[in-house]
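# Chains, contacts and geometry: an overview
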Amino acid sequence: MEIRKVVGDRRRYLPLLLLADEQLDMVERYLDRGDMWVLVEADGADDAEGVGGAGEALAECLVTDEGAGVLELKSLAVAPDWQGQGLGRALIEHVAHTYAGRFHTLEVGTGDSPLTVPFYERCGFIRSRVVPDFFTNNYDHPIYEAGVLLRDMVYLKRPLA
């Protein structure tokens, strides 16, 4: 498997992006900002888009420069058949390694879910702040994860060495 930077049409990864953020207009707020990375099965070929001929991305992440040395992980998703195999963690570690020295903090905002918050904590993130009612105020429908209605946005941060 390889992690490759996307240099072209990011919309072709919408199925993965919408796994991480299920409302299209919210994805469109950051889709063309920052850098996008995909994890693909290695096949040795590269096409003009920066992603090789194996084609199907197994996971994606998108990061943006939020200023003052903060890099934000806006989207992280792994295809359902590949979840639980370390691909999300591999993308986080790739981002941490790639941007260390240029940024001092990697930040992520997520719903206060029993699935995502513990995952990020296992990846070295700690809780830093909460935006009350973010999901109820910004999404056109209720969002549930693991049976929990998402209301607040929980931000977690991790230092970049």
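From a predicted model like this one, the values you see are computed outputs, not experimental measurements.

### What about the sheet that holds strand β2 (residues 35-40)?
- If you trace the seven strands from one edge of the open sheet to the other, you get β1-β2-β3-β4-β5-β9-β6, paired in mixed fashion. Because the sheet does not close on itself, it has two edges, and the strands there are β1 (2-5) and β6 (126-131). The average angle at which neighbouring strand axes cross in this sheet is 30°, direction not considered.
- Bridging between strand β4 (residues 70-78) and strand β5 (residues 105-111) involves four bridges; their strand directions are parallel. The residue bridging Glu72 from the neighbouring strand is Glu107, located in β5.

### Quick look at the environment of Ile143
- By the secondary structure assignment, Ile143 is in the loop between α5 (134-138) and β7 (144-145).
- The class of Ile143 is buried, set by a relative accessible area of 9%.
- Between the alpha carbons of Ile143 and Asp21 there is a distance of 9.9 Å; along the sequence they are 122 residues apart.
- Each residue touching Ile143, except ones within four places of it in the same chain, is listed here: Glu22, Phe135, Val148, Leu149 and Leu150.

### Some points on the environment of Cys61
- Counting through the fold element by element, Cys61 comes out in strand β3 (residues 57-67).
- The class of Cys61 is buried, set by a relative accessible area of 0%.
- Between the C-alpha atom of Cys61 and that of Asp35, which follows or precedes it by 26 residues, the distance is 8.4 Å.
- Other than its neighbours up to four places away in sequence, Cys61 contacts Asp35, Met36, Trp37, Leu73, Ser75, Leu76, Leu91 and Val95.

### Observations regarding the side chain of Arg10
- By the element assignment, Arg10 lies in the loop between β1 and α1 (14-20).
- Despite its burial, Arg10 remains without a salt bridge, the nearest opposite charge being carried by Asp35 at 5.0 Å.
- Reaching out from Arg10, the side chain makes a polar contact with the backbone oxygen of Arg33 at a distance of 3.0 Å.
- Leave out the neighbours within four places in its chain, and Arg10 touches Leu17, Leu31, Asp32, Arg33, Gly34, Asp35, Met36 and Leu62.

### A short note on the pattern of salt bridges
- Taken as a whole and judged by the stated rule, the model has nine salt bridges.
- The closest approach of N and O atoms between Arg4 and Glu2, which form a salt bridge, is 2.4 Å.
- Relative accessible area serves as the criterion here: at 30%, Glu2 is assigned to the partly exposed category.
- Here Arg33 makes a salt bridge to Glu66, at a shortest N to O gap of 2.7 Å. One end of the pair, Arg33, is in the loop between α2 (24-28) and β2; the other, Glu66, is in strand β3, with 33 residues separating them in the sequence.
- Judged by its relative accessible area of 34%, Glu66 is partly exposed.
- Taken together, the salt bridges that share partners define one network made up of Asp112, Glu121 and Arg127.

What counts and what doesn't
- Residues numbered from 1 in each chain as written.
- Predicted model: local features only at pLDDT ≥ 70, side-chain atom pairs only at ≥ 80, totals over all residues.
- Heavy atoms only, no water.
- Pairing = 2+ DSSP bridges.
- Helix = DSSP H or I, 4+ residues; strand = E, 2+ residues; numbered from the N terminus.
- Axes fitted to C-alpha atoms, helices over the stretch in contact; angles between N-to-C directions.
- Buried < 20%, exposed > 50% of the residue type's maximum accessible area, 1.4 Å probe, protein only.
- Contact = heavy atoms within 4.5 Å.
- Lys, Arg positive; Asp, Glu negative; His and termini not counted.
- Salt bridge = Lys/Arg side-chain N within 4 Å of Asp/Glu carboxyl O.
- Polar contact = N/O pair within 3.5 Å; in protein donor to acceptor, adjacent residues only side chain to side chain.

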